[in-house]
Amino acid sequence: MLVVMNANATEQEIAKVVQSIEAKGFEARISKGEIKTVISAIGSKQTDKRDFELLPGVTEVIQLTTNYKLTTRSFQSTDTIVEVNGIKFGDKYAGLIAGPCAVETYEQVDSTAEALEKSNVKILRGGAFKPRTSPYAFQGIGEDGLKILRSVADNHKMAVASEIIDISQIEMFEKYVDIFQVGARNMQNFNLLKCLGTTHKPIILKRGMSSTYEELLMSAEYIMAGGNSQIILCERGIRTFETYTRNTLDLAAIPVIKKISHLPIIVDPSHGTGLRDKVEPMSKAAIACGCDGLIIEVHSNPDCALCDGAQSLYPEQYHKLYTDIKSIAPIIGKEIL
Ligand code: PEP
Ligand code: MN
């Protein structure tokens, strides 16, 4: 952190800033320029820069260190690779996850998985607990849904990814899922993140619909601080003034986050656009800009889906998309297993 003093700051004011910096556990180094004095606070402690901005004689405080540490490339320069059921996310690999928005019945999940098996899907997604905007909308079928996912996935040699919405569910989820999914609405459920940090299964952490990149990484930091670094970040669209699409899929998140962080980042074009016909072009764009994978909603009969049918692909559409992106990926040095 750098504390820049006014051109006419007095020696007492400078001394007071030095004293405050040291009181917070930093080392203070003064550098007197021709016009201004700048005081550097050296150390790795967390601090609130406003505490210094308010001191007499201070013009500006510049925070040099970021608040996220474990998630950054300065902590680890090589890409983290998360591997689930032979599918890899990160570095030169892009992994694919597909399945219905919500688990409805055994037949629905089974027919979807059967179709997806032909497209080499190895990780099945499906929500058993749905965090819906309206309390009157379909909320998911709960633990029965997790049981269905597990049984169908086992029959088709797939792994299971499902959204967890509360810390009280961790023990139950441990029995059925291979990947915990933290949804956009829970990205800043810090208690949940802390508890998941002590688990040993991979976690998909979705970006909150109005969260910045830094906030997403800070949430991942909560999980990593607990000891679990098997995190797959997920860009799923943010809320903007545009209403044509359900969200605005922010693909710039991919190159930005990949530069700052070693964690893999995947894209969810289903929630990112909310429209089935936009899923294919945005999936291709996401792969082309270097994402580490995709999570896509597919339903064996989307016209009758209880949740998000309009953004769910027909299995044939998914198959075409799969073959297309498999040939696009190598162009940018990625492999889809
Ligand atoms: C989902 O993946 O089913 C979901 C609810 O997504 P999000 O948290 O991104 O809205
Ligand atoms: Mn959905």
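In short, a report on the structure. (Residues numbered from 1 in each chain as written. Chains lettered and ligands numbered in written order. Predicted model: local features only at pLDDT ≥ 70, side-chain atom pairs only at ≥ 80, totals over all residues. Heavy atoms only, no water.)

1. Quick notes on the coordination of the manganese ion (ligand 2)
- Coordination sphere of the manganese ion (ligand 2), protein contribution only: Cys-101 (SG), His-271 (NE2), Glu-297 (OE) and Asp-308 (OD), at 2.0 to 2.4 Å.
- Residue classification places Cys-101 among the buried positions, given a relative accessible area of 2%.
- We classify Asp-308 as buried; its relative accessible area is 18%. (Donors = N, O, S within 2.8 Å, 3.2 Å for Na, K, Ca; no water. Buried < 20%, exposed > 50% of the residue type's maximum accessible area, 1.4 Å probe, protein only.)

2. Examining the site of ligand 1
- In the neighbourhood of ligand 1, the contacting residues comprise Arg-125, Lys-130, Glu-163, Gln-181, Gly-183, Ala-184, Arg-185, Lys-206, Arg-236, His-271 and Glu-297.
- A distance of 2.7 Å separates an oxygen atom of ligand 1 from a polar backbone atom of Ala-184.
- One nitrogen or oxygen atom from the side chain of Arg-185 is found 2.9 Å from an oxygen atom belonging to ligand 1.
- Summarising the interface, the protein chains cover 96% of the accessible area of ligand 1, which totals 290 Å² for the free molecule.
- With respect to the pocket detection grid, ligand 1 is positioned in the largest pocket. (Near = heavy atom within 4 Å. Polar contact = N/O pair within 3.5 Å; in protein donor to acceptor, adjacent residues only side chain to side chain. Areas by Shrake-Rupley, 256 points an atom, 1.4 Å probe, with all protein chains shown as cover. 1 Å grid on protein atoms, 1.4 Å probe; cavity = no way out; pocket = protein on both sides within 12 Å on 5 of 7 lines; lining within 4 Å. Sits in = over half its atoms within 2 Å of the grid points.)

3. Structural notes on helix H10 (residues 276-288)
- In this model, H10 (13 residues) spans 19 Å end to end at C-alpha, consistent with the 18 Å of a helix rising 1.5 Å per residue.
- Residues Arg-276, Val-279, Ser-283, Ala-286 and Ile-287 constitute the buried set of H10.
- Against the buried residues of H10 lie strand S7 (93-99), strand S13 (265-267), helix H9 (269-273), strand S14 (293-297), helix H11 (315-328) and strand S15 (335-336).
- Directly beyond the C-terminal end of H10, a positive phi value near 95° is found at Gly-290. (Helix = DSSP H or I, 4+ residues; strand = E, 2+ residues; numbered from the N terminus. Expected span 1.5 Å × (residues − 1). Contact = heavy atoms within 4.5 Å.)

4. A look at the pairing of strand S3 (residues 37-42)
- Alignment of strand S1 (residues 2-5) against S3, held across 3 bridges, turns out to be antiparallel. If you follow Leu-2 over to S3, its bridge partner there is Ser-40.
- Across 6 bridges, strand S2 (residues 27-32) lies against S3 in antiparallel orientation. Within the sheet, the bridge partner assigned to Ala-28 lies in S3 and is Ala-41.
- Where S2 folds back onto S3 in an antiparallel hairpin, the turn is made up of 4 residues. (Pairing = 2+ DSSP bridges.)

5. Observations concerning the layout of surface pockets
- Its boundaries defined by the atoms lining it, the largest pocket holds a volume of some 240 Å³.
- Tallied by class, residues from the lining of the largest pocket come to 5 nonpolar, 5 polar and 9 charged. (Points joined across faces, edges and corners; volume = space filled by probe spheres on them. Nonpolar A, V, L, I, M, F, W, Y, C, P; charged D, E, K, R; others polar.)

6. Remarks on the packing of aromatic side chains
- Applying the stated criterion across every chain yields a total of 3 aromatic pairs.
- Judged by centre distance (5.8 Å) and plane angle (40°), the rings of Phe-129 and Phe-173 are tilted. One end of the pair, Phe-129, is in the loop between strand S8 (123-125) and helix H4 (143-155); the other, Phe-173, is in helix H5 (residues 170-176), with 44 residues separating them in the sequence. A single burial state applies to Phe-129 and to Phe-173, both of which are buried. (Phe/Tyr/Trp six-rings, centres within 6.5 Å; stacked < 30°, edge-to-face > 60°.)

7. A word on the packing of helix H3 (residues 106-117) against H4
- Where H3 meets H4, the closest approach of the two axes is 10 Å, and the angle between their N-to-C directions is 30°. Classed by the angle they form, the pair H3 and H4 counts as roughly parallel. Crossing hand, H3 versus H4: right-handed. Within the contact between the two elements, H3 uses Tyr-106, Val-109, Asp-110 and Ala-113 and H4 uses Ile-148, Leu-149, Ser-151, Val-152 and Asn-155.
- Of the residues in the contact of H3 with H4, the class split is 6 nonpolar, 2 polar and 1 charged. (Axes fitted to C-alpha atoms, helices over the stretch in contact; angles between N-to-C directions. Parallel < 35°, antiparallel > 145°, perpendicular 65-115°, else oblique. Left-handed = near helix turned anticlockwise from the far one by under 90°.)

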